[in-house]
Amino acid sequence: GQNIDQPTEMTATEGAIVQINCTYQTSGFNGLFWYQQHAGEAPTFLSYNVLDGLEEKGRFSSFLSRSKGYSYLLLKELQMKDSASYLCAVTILTGGGNKLTFGTGTQLKVEL
Amino acid sequence: DSGVTQTPKHLITATGQRVTLRCSPRSGDLSVYWYQQSLDQGLQFLIQYYNGEERAKGNILERFSAQQFPDLHSELNLSSLELGDSALYFCASSVEGTGAYEQYFGPGTRLTVT
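Residues numbered from 1 in each chain as written. Chains lettered and ligands numbered in written order. Predicted model: local features only at pLDDT ≥ 70, side-chain atom pairs only at ≥ 80, totals over all residues. Heavy atoms only, no water.

Q: Explain the overall build of chain B here, please?
A: Within chain B, the secondary structure is distributed over 0 helices and 11 strands. Put simply, chain B runs from its N terminus to its C terminus through helices and strands in the order β-β-β-β-β-β-β-β-β-β-β. In summary, chain B has a C-alpha radius of gyration of 13 Å against a globular reference of 13 Å for 114 residues, a match within 12%. Its C-alpha atoms put chain B at 35 × 30 × 25 Å along the principal axes. Of the contacts formed within chain B by residues at least 6 apart in sequence, a portion of 55% connects residues at least 24 apart. Total accessible area computed for chain B in this model is approximately 5,300 Å², and 47% of it derives from carbon and sulfur atoms. A gap of 4 Å separates the mean positions of the 8 positive and 12 negative side-chain charges of chain B. (Helix = DSSP H or I, 4+ residues; strand = E, 2+ residues; numbered from the N terminus. Rg over C-alpha atoms; globule rule 2.2 N^0.38 Å. Contact = heavy atoms within 4.5 Å. Areas by Shrake-Rupley, 256 points an atom, 1.4 Å probe, with all protein chains shown as cover. Lys, Arg positive; Asp, Glu negative; His and termini not counted. Charge placed at Lys NZ, Arg CZ, Asp CG, Glu CD.)

Dropping the structure here:
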């Protein structure tokens, strides 16, 4: 089976930097996604990592270490609108298709 | 707006009933995925279709079934509904089916079973 762990809640200050960690244990790993979800809304794509290393996209960066089963999402210059749930999701290739398994999400609260 | 549409937005029904949720993927996307999100379970993958064929199955109950039609829209059928089926049901689409591409999520259908 798959096991994905991420902190339940985090709080950070506007303008600061926050790092949200995700660890996973799975077989058939085919990539890791980060999604942002505001309450009651659909998840929106933030990043995708399949190889080790850092992917940077504006204020958001994501890092992956496949050997350690570890990823983090880095958010810089935090804004109030960044208050949301951040979902780590691992994709496993199975018989031509894929299963995307989501963690339970990290609720980030950005304060003044 | 992701380009994925879902209808209806809200659905209230009684236990034992059957409902159908509908999803239209983004133009050009061949893969459709269905997810269930409840407060205590998080986002759970149900099933994936690619160009009309079932590709991958997650934790989908036998009371639930889905299909993807030639025009690529998809329907999720939920039958013998129970109180525990109350959840937000999301459809997502991607350009292909290997999992290496981002999925675009629709706005969801909120199902309430009373």
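Text resumes after the structure shown.
Q: I keep staring at the packing of aromatic side chains and nothing clicks. Help me out?
A: Geometrically, a pair of aromatic rings is defined through the distance of the ring centres and the angle of the planes. Here the structure, examined in full by the defined rule, presents 15 aromatic pairs over all chains. Connected via pairs of aromatic rings, a cluster forms that spans Phe33, Tyr35, Phe45, Tyr48 and Phe102 of chain A together with Tyr35, Phe45, Phe90 and Phe105 of chain B. The residue whose ring lies beneath arginine 26 of chain B is tyrosine 104 of chain B, and the NZ or CZ to ring-centre distance is 3.6 Å. (Phe/Tyr/Trp six-rings, centres within 6.5 Å; stacked < 30°, edge-to-face > 60°. Lys NZ or Arg CZ within 6 Å of the ring centre and 35° of its normal.)

Q: When you look at the confidence of the model for chain A in this model, what are you seeing that I'm missing?
A: Where the model shows low pLDDT, its predicted coordinates should not be examined in detail. Put simply, chain A has an average pLDDT of 93, and 97% of its residues get 70 or more. Of all the helices and strands in chain A, strand E10 (residues 97–102) of chain A carries the lowest mean pLDDT, 82, while strand E8 (residues 70–75) of chain A carries the highest, 98. (pLDDT = per-residue confidence, 0-100.)

Q: Looking at this structure, how should I read the sheet that holds strand E8 (residues 74–78) of chain B?
A: Strands pair in a sheet through their backbones, by hydrogen bonds, and they do so in one of two ways: parallel or antiparallel. Residues and elements named next belong to chain B. In space, the 4 strands of this open sheet follow the order E1-E3-E8-E7, with antiparallel pairing throughout. Each edge of the open sheet carries a strand with a single partner, namely strand E1 (5–7) and strand E7 (64–68). Between one strand and the next, the sheet's axes are offset by a mean angle of 15°, whatever the strand orientation. Bridge count between E1 and strand E3 (residues 19–24): 3 bridges; the pairing is antiparallel. Note that in E3 the partner of threonine 7 across the bridge is arginine 22. (Pairing = 2+ DSSP bridges. Axes fitted to C-alpha atoms, helices over the stretch in contact; angles between N-to-C directions.)

Q: Hey, could you run me through the nonpolar core in this one?
A: Across soluble globular proteins, nonpolar side chains show a tendency to be buried alongside one another. Leu32, Trp34, Leu75, Tyr86 and Leu108 of chain A are the most contacted members of the largest nonpolar core, which has 22 residues in total. Listing elements by their share of this core, those giving two or more residues are strand E3 (18–25), strand E4 (29–37), strand E7 (60–65), E8, strand E9 (84–94) and strand E11 (106–111) of chain A. Take this core: its biggest share by element is 5 residues, from E9 of chain A. Every residue in contact with leucine 108 of chain A, bar those within four places of it in the chain, is listed here: Met10, Ala12, Val18, Leu75, Leu78, Asp82, Ser83, Ala84 and Tyr86 of chain A. In terms of nonpolar packing, the next biggest core, distinct from the first, is built from 20 residues, Leu21, Val32, Ile47 and Leu111 of chain B among them. (Core = buried A, V, L, I, M, F, W, Y, C linked by side-chain atoms within 4.5 Å. Buried < 20%, exposed > 50% of the residue type's maximum accessible area, 1.4 Å probe, protein only.)

Q: Any chance you could explain the pattern of salt bridges here in plain terms?
A: Note that side chains of opposite charge can pair when their charged atoms are close. Under the criterion given, the structure shown has 6 salt bridges over all chains. A salt bridge links arginine 59 of chain A to aspartate 82 of chain A, with the shortest nitrogen-to-oxygen separation between them at 2.8 Å. Of this pair, arginine 59 of chain A sits in the loop between strand E6 (53–57) and E7 while aspartate 82 of chain A sits in the loop between E8 and E9, and the two are 23 residues apart along the sequence. Exposure remark for arginine 59 of chain A: the relative accessible area of 18% places this residue in the buried category. Taking the shortest distance from any N to any O, the salt bridge between arginine 63 of chain B and glutamate 82 of chain B comes out at 3.7 Å. With arginine 63 of chain B in the loop between strand E6 (53–57) and E7 and glutamate 82 of chain B in the loop between E8 and strand E9 (87–94), the pair connects residues that are 19 residues apart, well separated along the chain. Taking relative accessible area as the criterion, glutamate 82 of chain B reaches 43% and is therefore assigned partly exposed. Where salt bridges share partners, they join Arg63, Glu82 and Asp85 of chain B into one cluster. (Salt bridge = Lys/Arg side-chain N within 4 Å of Asp/Glu carboxyl O.)

Q: It is not clear to me how the pairing of E8 of chain B should be interpreted in this structure. Could you clarify?
A: Regular strands show a simple pattern: their side chains alternate between the two faces of the sheet. All names here are of chain B. Here E8 lies mainly inside the structure; 5 of its 5 residues are buried. Note: E3 against E8, 5 bridges, orientation antiparallel. Within the sheet, the bridge partner assigned to cysteine 23 lies in E8 and is serine 74. Relative to E8, E7 runs antiparallel, the two being bridged by 5 bridges. Within E8, the residue paired with phenylalanine 64 across the bridge is leucine 78. Turn length for the E7-E8 hairpin, with the two strands adjacent in sequence and antiparallel, is 5 residues, and the turn residue leucine 72 shows positive phi of about 80°.

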